[in-house]
Amino acid sequence: MGNVIGIGASPKRKEDQRFLTGRGNYVSDIKRPGMTAGVFVRSPHGHAILRSIDKSAALASPGVIAVLTGEDAAADKLGSLPCGWGITDAKGVPMKEPPFPMLAQGKVRFVGDMVAFVVAETPAQASAAAELLTVDYEVLPSVVGVLEAVRPGAPQLFDDVPNNICCDWELGDKAAVETAFRKAAHVAKLSLVNNRLIGNPMEPRAAIAEYEPGTDRFTLWTTSQFPHVVRFLMGALVLNIPQHKLRVVAPDVGGGFGVKQFHYGEEAVITWAAKRVMRPIKWVASRSEGYVSDRHGRDHVTEAELALDETGKFLAFRVNTLANMGGYLSTFGPNIPTNLYGPLLGGVYTTPAIYCNVKVVFTNTVPVDAYRGAGRPEATFVLERIVDVAASEMGIDRVEIRRRNMIPKEAYPYQTPVLVQYDSGDPMGCLDGALVAADVKNFGIRKAESARRGKFRGLGYSTYVEACGLAPSRFAGRLGARGGLYESATVRVHPTGQVTVMIGTHNHGQGHETTFAQIVSEKLGVAFDNVDIVFGDTDRVQFGMGTYGSRSLVVGGAALSKATDKVVAKGKKIAAHLLEAAEVDIQFEAGKFSVAGTDRMKTFEEIAGAAYVPHDYPLEVLEPGLEEQAYYDPVNFTYPGGCHIAEVEIDPETGTVTLVNYTAVDDVGTVINPMIVEGQLHGGIVQGVGQALYENAVYDEGSGQLLSGSLMDYCMPRADHMPMMKIATHSTLCTHTPMGVKGCGEVGTIGSPAAVINAVVDALSHLGVTHVDMPATPNRIWRLLQNASLPVAAE
Amino acid sequence: MQISFTLNGRPTIVDVEPATLVAELLREQLNLTGTHIGCDTSQCGACVVHLDGLPVKSCTLLAPALDGATLLTIEGLQGAPGSNRLHPMQEAFREHHGLQCGFCTPGMLMTAVALATERPDLTEADVRHGLEGNICRCTGYQNIVVSVMAGAAAMNAARGE
């Protein structure tokens, strides 16, 4: 039977048994009878005219069943891959939205752009045939960097997108900012790059598609964070398959981080091809294939200016950013560097005037979209870097300047000048907690000790706030979302009292099967072991927008909470009938329905049984069954926040940066399962550290080749890159979500890059270093040291 | 060609194309899908198995090398089939939340068991260094390191019994 395990406990995870024993069920593990193998032929050029494709040799190759190209897709009148957000410029002019064909038509626009799909009996035969496909390209010059792409004379990706600018977006009161700058006692300026990243979930993307002629139904198994959205976008807008004839299953998925929250062309091609060949088809990406086809993240070039008065109070903040979109608009693409970036530029500070201009730019690179944090790490990095620059230039302590500008706890709810209103928070409390946990007061001793060993030690701070729980649909609609972003949950109580939950979010590492079961266990008084969570199958789950933007608990958990409330409400009606009492007199507590002030009661199991097999039941006023569904749309974003402190040691001989201490104090609202939350923070922080110190997706200008095209060239954080992190929470409750939760999936990635780079700059500040771009690799640091005026010896 | 080897304690004979990788043989021919393929450059370690007691990346080992050898995969780590009891290292990963999405987990466990077998007095630094060939994107490694230390201690305790 087991026990009730509720909110605040850390039971071991329900999902672990299958993963620990090799019994997970990932897409690449699945086999279907008669299954064939699919291989994509991808452009080796960054930019080229697709003159012709000769299929004959490939078709004649052993085992080949079909070779499909963009011409075949056009002949079948298939749609373009849709973009879920339409942003506009300051005058209300919509963004340029060129079509994104699932297989290239007329032109290829990045290395990895899909040119053809080869289906054969075996993967080896498909790969061999793909080599025989003759594609005639007229190679054009590529442009990969945003600065280069907007220059006059740059290669143009689309005939009707002048200067490769998709949208010239702005936010904030430009005039108020200019006025404030004129009055400023000091203006800090900073130019920086937010480096391009590759998400690298450990499971490469994969898909299997099958068509059943007997029922005219399609099934797509795909590595997706949002199977219902894939069904909706692909069925309704790309392949013209009615929703009831299309099942999308995302079973166990090996990490997402945003990379798997888009509708990819591969999904549409394989589903379309499955009907054409009347056989199931499987495609599994190699890691290197993922590098040139998984959507990338970040990639900004930014100029920022902060205006301050003589006491160090922030008067105004002005940010101009060029954001790389890659070769086409991906599902959330244009939303990320605009709506998820500009509104976060206030941070935890009272800056009264903010203006942000973002030019969203096409280049000959993989499309760029959301990657864990998505816009918010970029905003935090700009703000927290320039705060350090200003502090240094004005001779104010870095903690003190933050304190002088922080929003006091009492000032919440706090309306920022950039649309968002924070409902709750206590940035000062997080900062104070982090200062103690990081033992900042003894940093000087540690620095001196490092110096004795010839090393430079530095300390870096980053505060942050993020908007998550995507999303309040009305607000998102005003920003350009083409659909609402609510979430749904169904709570099915079985006749014996056990519970199955069908929920529209997707679990790919976050522990939903455990966390959501805790919510049900607490709310219904049902044993934790008697609750199962079902997700990831459009035939089993009603609908849902999936998992991204730290929304699962905030939006999905709220829907689940609402649905359990409805179960209790119906249970009370049943209990009132069985106990011959008025409904208003029925109380529900700890799994028991009782009549107030009496010892008459029914257990949850008794009510469940009575609901399903009633023989004494007022059928005219009460329906049998105990299953309730709820949809939830948040009224606002949630605003997790916190303070991170990084401590690094730099070896001047080699330029190697070692992260020696890391402390985070985060406000994530109510914590359902502390063990899982801590795990989310660990993982997020290390992804941010990866951006700051190791990871960089690099393209060759001109050829458009991805130089960091494999795990050999793209440095992922390893176990020995990290010290033991110190994690704590300092929670204020969200005022508008049912349980006070704020979300925790992205906070680590948002707070950490600025903390680490601020520490690196601090370690090198005695050499006159004021900024270091990410990643702070040994090469980059060593070069800085060679150019610095001082000899290589610590003070 | 035909090869014969011991797989998770059972004598096994299979016909394979000589160019088949052990990871492919396990996953495609023998339906043991717990061994995962996470990269194509032998970096990620999701495919680690034990060949004659030593950890190897099965994505870079050709199947003919198995002939006459003893192979242990994640599916055999628990011991006799039919038991749902976890190996002490699996139990430690569960106890200390050493996994999230689960994709790197089989390889992590196989590497961890080999580390703990080789060095009963593992330090944190040994574990971090020893996991150099296994990449995890979810956990930030902290709870994996804690799990491996705890699992190694439990394996030691079991040996002492």
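The rules behind the values
Here the residue numbers are simple positions, counted from 1 along each chain's written sequence. Here every chain gets a letter starting at A, and every ligand a number starting at 1, in the order they are written. This being a predicted model, a pLDDT of at least 70 is required before a residue's local features are given, and a value of 80 or more before pairs of side-chain atoms are given or counted; all residues contribute to the totals for chains, interfaces and linings. Secondary structure elements follow DSSP: runs of H or I of four or more residues count as helices, runs of E of two or more count as strands, with numbering from the N terminus. Using C-alpha atoms as the atom set, the radius of gyration is obtained and then compared with a globule rule of 2.2 Å times the number of residues to the power 0.38. Residue pairs qualify as contacts under a 7 Å threshold applied to their C-beta atoms, which are placed from the backbone. Here exposure depends only on C-beta density: within 10 Å of a residue's C-beta, 20 or more other C-beta atoms make it buried, 12 or fewer make it exposed, and intermediate numbers make it partly exposed, the C-beta atoms being placed from the backbone. Following DSSP output, two strands are said to pair if at least two bridges run between them. Think of it as three bins: nonpolar holds Ala, Val, Leu, Ile, Met, Phe, Trp, Tyr, Cys and Pro, charged holds Asp, Glu, Lys and Arg, and polar takes everything else, Gly as well. Where a domain begins and ends is set by an automatic assignment or by a domain database. Between the N-to-C directions of two axes lies an angle of 0 to 180 degrees, each axis being a line fitted to C-alpha atoms and, for a helix, fitted only over the stretch in contact. The cut-offs work like this: below 35 degrees is roughly parallel, past 145 is roughly antiparallel, 65 to 115 is roughly perpendicular, and the gaps in between are oblique. We call a crossing left-handed when the near helix sits turned anticlockwise from the far one by less than a right angle, and right-handed when that turn is clockwise. For this entry, the nonpolar core is defined as buried Ala, Val, Leu, Ile, Met, Phe, Trp, Tyr and Cys residues connected by C-beta atoms within 7 Å. pLDDT is defined as a per-residue confidence score from the predictor, taking values between 0 and 100. Given the number of residues in a helix, its expected span is that number minus one, multiplied by 1.5 Å.

*Asks:* I tried to follow the overall build of chain B on my own but got confused; where do I start?
*Replies:* Each helix and strand counted, chain B has five helices and five strands in total. Of the regular secondary structure in chain B, the N- to C-terminal order runs β-β-α-β-β-β-α-α-α-α. Taking 15 Å as the expected radius of gyration for a compact globule of 161 residues, we find that chain B reaches 15 Å, a close match to that expectation. The C-alpha extent of chain B, read off along each of the three principal axes, is 45 × 35 × 25 Å. Residue pairs at least 24 apart in sequence account for 62% of intrachain contacts in chain B once pairs closer than 6 positions are excluded.

*Asks:* Help me out: how do you make sense of the overall build of chain A in this one?
*Replies:* Regarding its fold elements, chain A presents 20 helices and 28 strands. Taken against the 2.2 N^0.38 rule, which gives 28 Å for 795 residues, the C-alpha radius of gyration of chain A at 28 Å falls within 12% of a compact globule. Structurally, chain A occupies a C-alpha span of about 90 × 75 × 55 Å along its principal axes. Across the 795 residues that make up chain A, the buried fraction comes to 60%.

*Asks:* Help me understand the pairing of strand S10 (residues 217-222) of chain A in this model?
*Replies:* On a regular strand, one side chain projects to one face of the sheet and the next to the other, so that they alternate. All names here are of chain A. Summarising burial for S10: five of the six residues are buried, a large majority. Sheet topology note: the strand S9 (residues 206-212)/S10 ladder contains six bridges and is antiparallel. In the strand pairing of S10, Ile208 is matched with Trp221. Remark: four residues form the turn of the hairpin made by S9 and S10, two consecutive strands paired antiparallel; Asp216 in that turn has positive phi of roughly 55 degrees.

*Asks:* Where do I start with the interface of chain B and chain A in this structure?
*Replies:* The extent of an interface is frequently quoted as the accessible surface area lost upon association of the parts. Contact residues are listed per partner, giving 41 residues for chain B and 41 residues for chain A. At the level of secondary structure, the elements contributing two or more residues to the side of chain B that touches chain A comprise helix H2 (88-95), helix H3 (105-118), helix H4 (124-130) and helix H5 (142-160) of chain B. Split into classes, the residues belonging to the side of chain B that touches chain A amount to 18 nonpolar, 16 polar and seven charged.

*Asks:* Whenever I open this one, the environment of Ala489(A) confuses me. Can you help?
*Replies:* Residues and elements named next belong to chain A. Looking at the secondary structure, you find Ala489 in strand S19 (residues 487-493). Given 32 C-beta atoms within a 10 Å radius, Ala489 is considered buried. Dropping the residues within four chain positions of it, Ala489 is found in contact with Val501, Ile503, Gly556, Ala559, Leu560, Ala563 and Ala630.

*Asks:* Would you explain the environment of Tyr26(A) in this entry?
*Replies:* Mapped onto the elements of the fold, Tyr26(A) is located in the loop between helix H1 (16-20) and strand S1 (36-42). Assessed through the 23 C-beta atoms surrounding it within 10 Å, Tyr26(A) is described here as buried. Counting along the chain gives 196 residues from Tyr26(A) to Thr222(A), while the straight-line C-alpha distance between them is 9.1 Å. Here Tyr26(A) is in contact with Glu203(A), Pro251(A), Asp252(A), Gly254(A) and Phe103(B), once residues within four sequence places are set aside.

*Asks:* What exactly am I supposed to notice about the domain arrangement of chain A here?
*Replies:* Residues and elements named next belong to chain A. Segmentation of chain A into domains returns domain 1 (16-22 + 486-632), domain 2 (31-140 + 202-255 + 260-291) and domain 3 (296-470 + 636-787). Counting residues at the interface gives 14 residues for domain 1, matched by 15 residues for domain 2. Of the residues belonging to the side of domain 1 that touches domain 2, the class tally is three nonpolar, nine polar and two charged.

*Asks:* What is the right way to look at the sheet that holds strand S21 (residues 531-534) of chain A in this model?
*Replies:* In any sheet, the strands associate via hydrogen bonds between backbone groups, in a parallel or an antiparallel arrangement. Residues and elements named next belong to chain A. The four strands are arranged S21-S20-S19-S25 in an open sheet whose pairing can be described as mixed. Where the open sheet ends on each side, the last strands, each with one partner, are S21 and strand S25 (627-632). On average, each strand axis in the sheet is inclined to that of its neighbour by 15 degrees, with strand direction left out of account. Across five bridges, the pairing between S19 and strand S20 (residues 499-503) is antiparallel. Note on S20: the bridge partner recorded for Val491 is Val501. Strand contacts of helix H15 (residues 512-524): S19, S20 and S21, with the helix running at about 130 degrees to S21, the strand carrying the most contacts. In the packing of helix H16 (residues 552-578) onto the sheet, the strands contacted are S19, S20 and S25, and the crossing angle to S25 comes to about 145 degrees.

*Asks:* What is the right way to look at the packing of H3(B) against H5(B) in this model?
*Replies:* The relative placement of two packed helices is expressed as an angle between their axes plus a distance between the axes. Residue and element names in this part refer to chain B. Two numbers describe how H3 lies on H5: the axes approach to 10 Å, and their chain directions differ by 45 degrees. Relative to H5, H3 is oriented oblique. In this structure, the crossing between H3 and H5 has a hand that is right-handed. Mapping the contact onto sequence places Met108, Ala112, Leu115 and Ala116 in H3 and Ile144, Val148, Gly151, Ala152 and Met155 in H5. Partitioned by chemical class, the residues of the contact of H3 with H5 number eight nonpolar, one polar and no charged.

*Asks:* Mind showing me how you'd approach the nonpolar core here?
*Replies:* If you look at soluble globular proteins, the nonpolar side chains tend to sit buried side by side. Val118(A), Val501(A), Val756(A) and Val760(A) are the most contacted members of the largest nonpolar core, which totals 307 residues. In this view, Val501(A) contacts Ala489(A), Thr490(A), Val491(A), Phe516(A), Val520(A), Val531(A), Ile533(A), Val534(A) and Leu560(A); residues no more than four positions away in its chain are not counted.

*Asks:* How should I be thinking about the confidence of the model for chain B in this particular structure?
*Replies:* For any part of a model where pLDDT is low, the fine detail of the predicted coordinates should not be relied upon. Taken over all residues, the pLDDT of chain B has a mean of 96, while the share at 70 or more is 98%. With pTM at 0.97, the complex prediction returns an ipTM value of 0.98.

*Asks:* Can you help me understand unusual backbone geometry in this one?
*Replies:* A negative phi angle is the norm for most residues apart from glycine, just as the trans form is the norm for most peptide bonds. Residues and elements named next belong to chain A. In this chain, Leu470 is followed by Ala471 through a cis amide linkage whose omega measures -5 degrees. Its location among the elements puts Ala471 in the loop between strand S18 (456-465) and helix H14 (473-479). The step from Met774 to Pro775 runs through a cis peptide bond, and the omega angle for that step is -5 degrees. Mapped onto the fold, Pro775 is located in the loop between helix H19 (747-764) and helix H20 (778-787). In this model, Ala374 sits at a positive phi of 45 degrees, which is unusual for a non-glycine residue. By the element assignment, Ala374 lies in the loop between strand S15 (353-362) and helix H10 (376-394). Among the residues examined, Ala374 registers 29 C-beta atoms within 10 Å and is labelled buried. Look at Ser550: it is not a glycine, yet its phi comes out positive at around 45 degrees. Along the chain, Ser550 falls in the loop between S21 and H16.

*Asks:* Where do I start with helix H8 (residues 265-277) of chain A in this structure?
*Replies:* Given 3.6 residues per turn, any residue in an α-helix points the same way as the ones three and four places further on. Residues and elements named next belong to chain A. Here H8 spans 18 Å end to end across 13 residues, near enough to the 18 Å set by a 1.5 Å rise per residue. Along H8, ten of the 13 residues are buried, which leaves the element largely enclosed by surrounding structure. Regarding H8, the residues found buried are Gly265, Glu266, Glu267, Ala268, Val269, Ile270, Thr271, Trp272, Ala273 and Ala274. Note on H8: the residue one or two positions beyond its end, Met278, has a positive phi of about 55 degrees.

*Asks:* When you look at the packing of H2(B) against H3(B) in this model, what are you seeing that I'm missing?
*Replies:* All names here are of chain B. Where H2 meets H3, the axes come as close as 10 Å, and the angle between the chain directions of the two elements is 120 degrees. For the element pair H2 / H3, the angle class is oblique. Taken as a pair, H2 and H3 cross one another with a handedness that is right-handed. Together, Met89, Gln90 and Phe93 of H2 and Thr105, Leu109, Ala112, Val113 and Ala116 of H3 make up the contact between the two elements. Here the residues of the contact of H2 with H3 are counted per class, giving six nonpolar, two polar and no charged.

*Asks:* Help me understand the sheet that holds S1(A), please; the structure alone is not making it clear to me.
*Replies:* Residues and elements named next belong to chain A. The mixed open sheet is built from seven strands, whose spatial order is S3-S5-S1-S12-S9-S10-S11. Looking at which strands have only one partner, the edges of the open sheet turn out to be strand S3 (64-69) and strand S11 (246-249). Each adjacent strand pair in this sheet contributes to an overall mean axis angle of 20 degrees, direction not counted. Relative to S11, S10 runs parallel, the two being bridged by four bridges. Each bridged residue has a counterpart across the sheet, and for Trp221 the counterpart in S11 is Val249.

*Asks:* Would you take a moment to explain the environment of Thr732(A) for this structure?
*Replies:* Residue and element names in this part refer to chain A. Counting through the fold element by element, Thr732 comes out in the loop between strand S28 (726-729) and H19. The class of Thr732 is buried, set by 23 C-beta atoms lying within 10 Å. Separated by 66 residues in sequence, Thr732 and Asp666 have C-alpha atoms that sit 9.9 Å apart. Among all residues touching Thr732, those that are not within four sequence positions of it are Ser424, Gly425, Asp426 and Asp667.

*Asks:* I keep staring at the pairing of strand S22 (residues 586-589) of chain A and nothing clicks. Help me out?
*Replies:* Covered by surrounding structure in S22(A) are Ile586(A) and Phe588(A) only, the residues Gln587(A) and Glu589(A) on the alternate face being uncovered. Between the antiparallel neighbours S22(A) and strand S23 (residues 592-595) of chain A lie two residues, among them Ala590(A) with a positive phi of about 50 degrees.

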